Amino acid sequence: MADTQTKELRDTIPFLSASEISKLITSKEVSAREVAHTMLDRIEALDADIHAYNEVSPELALAAADDLDNRIAQGATAAELGPLAGAPVAFKDNMNLVGTHMTCSSKMLENFQSPYDCTAVRRLLDANTLPLGKLNMDEFAFGSSTETSVTGLTYNPWDPERVPGGSSGGSAAAVSAGMATITLGSDTGGSIRQPAAFTGTVGLKPSYGRVSRYGCAAFASSLDQIGPFSHTVRDSALALSAIAGKDPQDATSLNLPVEDFAAACDQDVKGMRVAIATDLLEQAGLDPRLKQEVLDSAELLAGMGAEIIEITLPSTKYGLPAYYVLGPAEASSNLARLDGIRYGRRAENAEDILDLYMRSRSEGFGPETIRRIMIGTYVLSSGSYDSYYTKAQKVRTVIKNDYEAVFAKADVLLTPSTPQLPFKFGQFADDPTAMYLSDFYTIPVNMAGIAGMSLPTRLIDDLPASVQLIANHSREADLFRAGAALERSFAFPYTSVPAGRS
Ligand code: GLN
């Protein structure tokens, strides 16, 4: 390859979609090795400032690239290699990948080596992608800003004074800054959609059971789902097709047919029924500019032939309080295994077994994790169980039923992803529960086990704005259909390097 061509490719590859990269590679215009090197060099140059990565895995990326180049040299066709072949990918650091650590950005697991591969990770790699490494997150996925990580802050690529969102902040920032093409995150109450909203990326939370959770450290097992971050809606669809499907290792994974989700991106929205919840747009704390993005999106969809239906969804406001009972309850139970004996950090100089547990856990867990364990243990205690846990489960059923009623009338529901644009570091340092509000619009989707996607719309004051699309369980195709139509209308400038980026 000529030097000028190399330079040009190096500048463009980081912001190409996976489909574009795989075309370049399978048509032999560029080698997979060149793509891997381009991305690794970019991470080296940029990540000192952004800190999306907890660990970079050049050996794994280059080995996968060489394997792909060899297969192409031996005549493997684009159809055989698949539409993600050669796409640079990376994973939230709560997913196992052999050859890397799995730290959950916690002192508790700082030396934990992945003993096996997470199913979603393995499936994405089996689609011939190039693994670049593991991404920063809030400790054990508790948070909305990635500030609770013990490995340090991740900076929002659009404005280094602002958070990238959380808990999958590294997964969002890596795609946003062109340091990976597709990343995986996990979403328990908004941890894919909220950071996607804050970084101008597409973030998908699939329906509960659509994607195996095997090999992903559990936060709240009844709410967690793994999903992709990408620049484009089509890449999100391609990634979901790669990672979805029944897994014998996860009894909650469903045997749903794995559709060709990318095909939905080419369908027009004529006749699609799009609901907007008028009460959710009057919610206190919603930035009026983000309300406007929802109204404008509805108008764009209507202009393309969709039918707009106004509804109300009053149970949404109960999502947050119920989530902060159920989420911590399940988390406190899941984290009980981290006792310094079977897994994780073991304290030195313990006097007896109880002292060992207490010291190991006190040393290993940060303040937000301890807060969640204490809340969870409290709401599960015999005196509080009925007034908190049982009640929250009932609220969950109400929320689920309300969505059922909406989806009897509509194909998708359009809402804000977040009440606010990305906030500044430390903004909620004195009041951790105020930050919980940033998941107001995302949490009920997890409670109901349905599917949601955040997609970027425009820049407002140089910061990415977004909307959320919600669809009924297993109806992700509707998200891709409406999402791709909006993406074409807005043409968010994800391919350009925003101000302040090199
Ligand atoms: N921000 C929410 C929380 O702190 C959601 C986190 C998540 O989805 N993992 O619990």
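Our subject is the structure listed above.
All figures in this text were calculated on a predicted structure; none of them were measured in a lab.

Any chance you could explain the nonpolar core here in plain terms?
Ranked by internal contacts, the top residues of the largest apolar core, which has 111 residues, are Tyr 403, Leu 414 and Phe 480. In contact with Leu 414, other than residues within four places in its own chain, are Val 274, Ala 275, Ile 276, Ala 277, Val 294, Ser 297, Ala 298, Leu 301, Val 467, Gln 468, Leu 469 and Leu 486. Within the second largest apolar cluster, 34 residues are counted, among which are Leu 16, Ile 50, Leu 81 and Leu 135.

Explain the site of the ligand here, please?
The environment of the ligand is formed by 15 residues, the closest being Gly 189, Ser 191, Tyr 323, Arg 372 and Asp 439. One of the backbone N or O atoms of Gly 143 is found 2.9 Å from an oxygen atom in the ligand. Tyr 324 is positioned such that a nitrogen or oxygen atom in its side chain is 3.3 Å from an oxygen atom of the ligand. When the ligand is considered free in solution it has 290 Å² of accessible area, and contact with the protein chains removes 100% of it. By residue class, the composition of the shell around the ligand is five nonpolar, seven polar and three charged.

Would you mind showing me how to read the packing of helix H15 (residues 367-380) against helix H16 (residues 385-409) here?
Axis separation between H15 and H16 bottoms out at 7 Å; the angle between their running directions is 105°. Considering the angle they form, H15 stands roughly perpendicular to H16. Within the contact between the two elements, H15 uses Tyr 378, Val 379 and Leu 380 and H16 uses Tyr 385, Tyr 388 and Tyr 389.

Mind showing me how you'd approach the packing of helix H13 (residues 319-334) against H15 here?
In helix packing, the relevant descriptors are the interaxial angle and the interaxial distance, both defined with respect to the helix axes. Two numbers describe how H13 lies on H15: the axes approach to 7 Å, and their chain directions differ by 100°. By the angle between their directions, the pair H13 and H15 is classed as roughly perpendicular. In this structure, H13 contributes Tyr 324, Val 325, Pro 328, Ala 329 and Ser 332 to the contact, and H15 contributes Arg 372, Ile 373, Ile 375, Gly 376, Thr 377, Val 379 and Leu 380. Here the contact of H13 with H15 is built from residues that sort into eight nonpolar, three polar and one charged.

In this structure, what is going on with helix H14 (residues 353-364)? I would like to understand it.
Residue pairs three or four apart in sequence face the same way in an α-helix, which turns once every 3.6 residues. Along its 12 residues, H14 runs 16 Å from first to last C-alpha, staying within 8% of the 16 Å computed at 1.5 Å per residue. Next to the buried residues of H14 lie H15. For H14, the N-terminal cap is Asp 352; the gap from its side-chain oxygen to the backbone nitrogen of Leu 354 is 3.3 Å.

What should I look at first to understand the packing of aromatic side chains in this one?
Ring pairs (aromatic) are described by centroid distance and by the angle formed between their planes. Per the counting criterion, the structure on display carries 15 aromatic pairs. An angle of 80° between the planes, with centres 4.9 Å apart, marks the rings of Phe 440 and Tyr 441 as edge-to-face. Of the two residues, Phe 440 and Tyr 441, both sit in the buried class. Chaining the aromatic ring pairs together yields one cluster made of Phe 198, Phe 423 and Phe 428.

I would appreciate a short explanation of helix H3 (residues 32-50) in the present structure.
The end-to-end C-alpha separation of H3 is 25 Å, in line with the 27 Å expected for 19 residues at 1.5 Å each. The axis of H3 is deflected most strongly, by about 35°, at Glu 44. Those residues of H3 that fall on the buried side of the exposure criterion are Ala 32, Glu 34, Val 35, Ala 36, Thr 38, Met 39, Leu 40, Arg 42, Ile 43, Leu 46, Asp 47 and Ile 50. Where H3 terminates, the next one or two residues include His 51, which has phi positive at roughly 55°.

What's the story with unusual backbone geometry in this structure? I'm lost.
With the exception of glycine, the majority of residues adopt a negative phi angle, and the majority of peptide bonds are in the trans configuration. For the bond running from Gly 166 to Ser 167, omega is 5°, close enough to zero to count as cis. Positive phi values are uncommon outside glycine, yet Ser 105 reaches one of about 50°. Positive phi is not limited to glycine here, since Ala 491 has a value of about 50°. For Ala 491, the position within the fold is in the segment after helix H19 (476-490). Judged by its relative accessible area of 56%, Ala 491 is exposed.

Parameters at a glance
Along every chain, residues carry numbers that run from 1 in the direction the sequence is written. In keeping with the model being predicted, local features are shown solely for residues with a pLDDT of at least 70 and side-chain atom pairs are shown and tallied solely at 80 or more, while totals for entire chains, interfaces and linings include all residues. As a convention, hydrogens and water are excluded, and side-chain values are obtained from all of the structure's heavy atoms. By nonpolar core we mean a set of buried residues, namely Ala, Val, Leu, Ile, Met, Phe, Trp, Tyr and Cys, connected to one another through side-chain atoms within 4.5 Å. Only protein chains enter the area calculation, which uses a 1.4 Å probe; residues under 20% of their type maximum are buried, those over 50% are exposed, and those in between are partly exposed. Whether two residues are in contact is decided by their heavy atoms, any of which lying within 4.5 Å being enough. Only heavy atoms are used to decide nearness, and a residue is near a molecule or strand if one of them lies within 4 Å of it. Polar contacts, as used here, are pairs of N or O atoms within 3.5 Å; protein pairs need one atom able to donate a hydrogen and one able to accept it. Residues neighboring in sequence count only if both atoms are side-chain atoms. To measure how exposed things are, a 1.4 Å probe is used in the Shrake-Rupley method; for residues, cover is taken only from the protein chains shown. Gly falls in the polar group here, along with every residue not listed as nonpolar (Ala, Val, Leu, Ile, Met, Phe, Trp, Tyr, Cys, Pro) or charged (Asp, Glu, Lys, Arg). For helices, the fitted line uses only the C-alpha atoms of the stretch in contact; every axis is such a line through C-alpha atoms, and the angle between N-to-C directions lies from 0 to 180 degrees. Here a helix means four or more residues in a row that DSSP labels H or I, a strand means two or more in a row labelled E, and each is numbered from the N terminus. For classification, angles of less than 35 degrees are called roughly parallel, those exceeding 145 degrees roughly antiparallel, those between 65 and 115 degrees roughly perpendicular, and all remaining angles oblique. For a helix, the expected span equals 1.5 Å multiplied by the number of residues minus one. Only rings of Phe, Tyr and Trp enter the pairing, Trp through its six-membered ring, and a pair is recorded when the two centres are within 6.5 Å. The plane angle decides the type: under 30 degrees is stacked, over 60 is edge-to-face, the rest tilted. The seven residues ending at a residue and the seven starting there each receive a fitted axis; the angle between those axes is the bend at that residue.

Taken by themselves, the reported measurements are silent on function.
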